[in-house]
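Residue strings, one per chain:
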Amino acid sequence: MTTEIIDPQLRRNSLGLSELIFQGVTHIAPATNMVFTFPIIALKAGPDMPLSFLLATVICFFIGNTVSQFSRYMPSSGGYYSFATRGLGSRAGFMAAWSYLIYDLLGPAGSTGFLGYLISDMLRSGFGLHIPWWLIALPTFGFIWILTHYGIQLSTRVTAVLGGIELLIMLSLAVTFLVHPGPASRYTAPLDPAFSPHHFGGILAGMVFSVLALSGFEGPAPLAQESRRASKFVGQAVILSLVATGAFYIFTSYASAIGWGTNDMAAFAVHSNPYYAMGRALWGTGWWFVVLALINSAIGVGLACTNSASRVMYTMGQAGTLPDWFGRIHPVHQTPTHAIAFAQLVGIGAVLLVGLLLQPSYIFGLLETITTLAVVVIYCLANLALTSYIRREHPASFSIWHHLLSPWIATLALLPVLFVTVYPIPEWPYNIVPYFFVAALLVGFGYMLWREARHPGALLKGATMLVGSRSTAEGDVDWDQPA
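Computed from a predicted model, the values in this text were never measured in an experiment.

## Quick notes on the overall build of the protein
A count of helical and extended segments in the protein gives 16 helices and two strands. Here the C-alpha radius of gyration of the protein, 22 Å, is about what a compact globule of 483 residues would show, namely 23 Å. Along the first, second and third principal axes, the C-alpha set of the protein runs to 80 × 50 × 40 Å. Here the protein holds 483 residues, and 58% of them are scored as buried. Considering only contacts within the protein whose residues lie at least 6 apart along the sequence, 82% involve residues at least 24 apart. Looking at the protein as shown, the accessible area adds up to about 19000 Å², and 67% of this sits on carbon and sulfur atoms. Across the protein, the mean location of the 21 positive side-chain charges is 4 Å away from that of the 20 negative side-chain charges.

Below, the structure is given as structure tokens:
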């Protein structure tokens, strides 16, 4: 008798539509963006932030269409790695994956590291307690590490709970703003372009930054192999997470303008922490609930990004474009444990590097600016790949709207996002970000050539590795009979 040894795999059919939706929502980090990004948008759009978010949500639907379409035809735990490889070739696919890892490893690290700085500063100013910021950030990384290591169901359920609490707290705060409007607020002002400092031009400028606040909706895609009816549910989750977060931003930005005072949004834009000021004024000691929402947001985005990034690294390890140990699965928990560990170690290294060599106050802005450049590259490559992939492999299903116009509209809309990130040239240390990002891409390109020379054919495996094929009309996927 012979016994066949089967290598451990990701836990299939573990996630339903609701878990995937919260994976997308928390991957966006709504509370964090509300507190830190809304003032930047207000600087451009004034009280008309809701109009900027409305336009940005429409633009993001075009970008989300790309992920949804790819997930319908070729669901994969590789996400953008598999999508871009299948559409544009192995080298473009690898560079898309490299950019994705920059984005999904540094982005949550920025939130976690800055959370440590924020809480440390609040404890010092409010209670006279001097706790180093890194002593708060490091246990947070450890908590995320443990939850993602011990199973996809555990981490996604915790993500859903944290995301729900985060949204509930910030929505409650927004309702309070509406009940207690700021001085001289007009309820119609946030809907009238005439109140924007530069009218419609200001709304468009605000839209550019609003697109960045919505990035992250693609988070469900790498969880395809662990999803039920992945060919259907993943695409739906991408769109529904956009709907939910877009509506949340539109409502909370409207309420924020009313709560602060629609005639004084310039002060809102330059205030060091307008939500702290309004929270203390309206909720008293209850303003700590806002801090709780930020803690939930940082942990939630850390869980979501670790789950997504680790699945992409796992797929690359299986294909051979990353070392083999990235592609190993824990025999009990059925998670890519080495990839998860690597994600946390990179995040810890990044925040310590910025926080100790520069200043902890730079952690969020510096790392998030790097991820902005990375996400623009990812989205553009995927948009171009969709047209090529459908025309070549599914010509009978080719749609001018879904597979040509939508991805190209999305790509053109992303160009202003790229432009405002690098020009006008920001002050130190943000002015070094473009050079750092280009250097990171060059390192990735050099590694790709070295890996290709050492392991011929590894790059080509990205087109088929862990890519499933739709087997039923309900969206079930056959992972053993790849597309």
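Okay, back to it.
## Re helix H4 (residues 80-88)
Two residues of an α-helix separated by three or four positions point the same way, owing to the 3.6 residues in each turn. Within H4, eight of the nine residues are buried, leaving the element largely enclosed by the surrounding structure. Inspection of H4 places Tyr80, Tyr81, Ser82, Phe83, Ala84, Thr85, Arg86 and Gly87 among the buried residues, and these make up the whole buried set. On its buried face, H4 sits against helix H3 (49-73), helix H5 (90-127), helix H12 (288-319) and helix H14 (363-393). Positive phi shows up at Gly89, right after H4, with a value of about 110 degrees.

## A look at the pattern of salt bridges
If charged atoms from side chains of opposite charge come close, those side chains can pair. Under the criterion given, the structure shown has five salt bridges. Note that Asp121 is salt-bridged to Arg124, the shortest N-O span being 2.5 Å. In this pair, Asp121 and Arg124 are both assigned in helix H5, three residues apart and thus about one turn of the helix distant. Judged by its relative accessible area of 27%, Asp121 falls in the partly exposed class. Two residues, Glu226 and Arg311, come together in a salt bridge whose shortest N-O distance is 2.8 Å. Placement of Glu226 in the loop between helix H8 (199-214) and helix H9 (230-260) and of Arg311 in helix H12 is noted, with a sequence separation of 85 residues between them. For the pair shown, Glu226 and Arg311 are each scored as buried.

## Quick word on the side chain of Thr26
Along the chain, Thr26 turns up in helix H1 (residues 17-28). A distance of 2.6 Å separates a polar atom in the side chain of Thr26 from the backbone oxygen of Phe22.

## Here we look at the nonpolar core
Membership of the largest hydrophobic core comes to 121 residues, with the highest contact counts inside it found for Met170, Tyr275 and Met313. No other element matches the 16 residues that H14 contributes to this core. In this structure Met313 touches Leu101, Leu105, Leu322, Phe326, Ala339, Phe342 and Ala343, once residues within four positions along its chain are discounted.

## Comments concerning the state of the cysteines
Going through the model one piece at a time under the given rule, you end up with zero disulfides. You can see Cys305 has no disulfide; the closest cysteine sulfur is in Cys60, sitting 16 Å from it. The class of Cys305 is buried, set by a relative accessible area of 4%.

## Re the environment of Ala96
Of note, Ala96 is situated in helix H5. With relative accessibility at 1%, the residue Ala96 sits in the buried group. Sequence separation between Ala96 and Val291 is 195 residues; the distance between their C-alpha atoms is 35 Å. Discounting residues that sit within four places of it in the chain, Ala96 has contacts with Tyr80, Ala84, Ile378 and Leu381.

## Some points on the environment of Gly163
Note that Gly163 resides in helix H7 (residues 152-179). Here the alpha-carbon distance between Gly163 and Tyr254, two residues 91 residues apart in the chain, equals 21 Å. Beyond its immediate stretch of four places on either side in the chain, Gly163 contacts Phe22 and Thr26.

## Examining a positive patch on the surface
Taken together, the side chains of Arg72, Arg157, Arg228, Arg229, Lys232 and Arg470 define a basic patch exposed on the protein surface. Within the secondary structure layout, Arg229 lies in the loop between H8 and H9. With relative accessibility at 34%, the residue Arg229 sits in the partly exposed group.

## A closer look at H3
The end-to-end C-alpha distance of H3, which contains 25 residues, comes to 36 Å, matching closely the 36 Å that a straight helix rising 1.5 Å per residue would cover. For H3, the principal kink sits at Ile63 and spans about 25 degrees. Summarising burial for H3: 20 of the 25 residues are buried, a large majority.

## A closer look at unusual backbone geometry
Looking along the chain, the bond that leaves Trp428 and enters Pro429 is cis, with omega of 5 degrees. Considering the arrangement of structural elements, one finds Pro429 in the loop between helix H15 (400-422) and helix H16 (433-454). In this structure, Arg229 is a non-glycine residue whose phi angle is positive, near 45 degrees. Unusually for a residue other than glycine, Gln334 sits at a positive phi of about 55 degrees.

## Looking at the confidence of the model for the protein
Looking at the protein, the pLDDT average stands at 90 and 97% of residues meet or exceed 70. Mean pLDDT across the elements of the protein ranges from a minimum in strand E1 (residues 469-470), with 72, to a maximum in helix H13 (residues 337-357), with 96.

## Some thoughts on the packing of H5 against H12
Where H5 meets H12, the axes come as close as 9 Å, and the angle between the chain directions of the two elements is 155 degrees. Considering their axes alone, H5 and H12 lie roughly antiparallel with respect to each other. Two packed elements cross with a definite hand, and for H5 against H12 that hand is left-handed. Partitioning the contact of H5 with H12 into residue classes produces 22 nonpolar, four polar and one charged.

Cut-off values and rules
Residues numbered from 1 in each chain as written. Predicted model: local features only at pLDDT ≥ 70, side-chain atom pairs only at ≥ 80, totals over all residues. Heavy atoms only, no water. Helix = DSSP H or I, 4+ residues; strand = E, 2+ residues; numbered from the N terminus. Rg over C-alpha atoms; globule rule 2.2 N^0.38 Å. Buried < 20%, exposed > 50% of the residue type's maximum accessible area, 1.4 Å probe, protein only. Contact = heavy atoms within 4.5 Å. Areas by Shrake-Rupley, 256 points an atom, 1.4 Å probe, with all protein chains shown as cover. Lys, Arg positive; Asp, Glu negative; His and termini not counted. Charge placed at Lys NZ, Arg CZ, Asp CG, Glu CD. Salt bridge = Lys/Arg side-chain N within 4 Å of Asp/Glu carboxyl O. Polar contact = N/O pair within 3.5 Å; in protein donor to acceptor, adjacent residues only side chain to side chain. Core = buried A, V, L, I, M, F, W, Y, C linked by side-chain atoms within 4.5 Å. Disulfide = S-S within 2.5 Å. Patch = residues over 30% accessible without salt bridge, like charges linked within 9 Å, V, L, I, M, F, W, Y side chains within 5 Å. Expected span 1.5 Å × (residues − 1). Bend = angle between axes of the 7 residues up to and from the residue. pLDDT = per-residue confidence, 0-100. Axes fitted to C-alpha atoms, helices over the stretch in contact; angles between N-to-C directions. Parallel < 35°, antiparallel > 145°, perpendicular 65-115°, else oblique. Left-handed = near helix turned anticlockwise from the far one by under 90°. Nonpolar A, V, L, I, M, F, W, Y, C, P; charged D, E, K, R; others polar.

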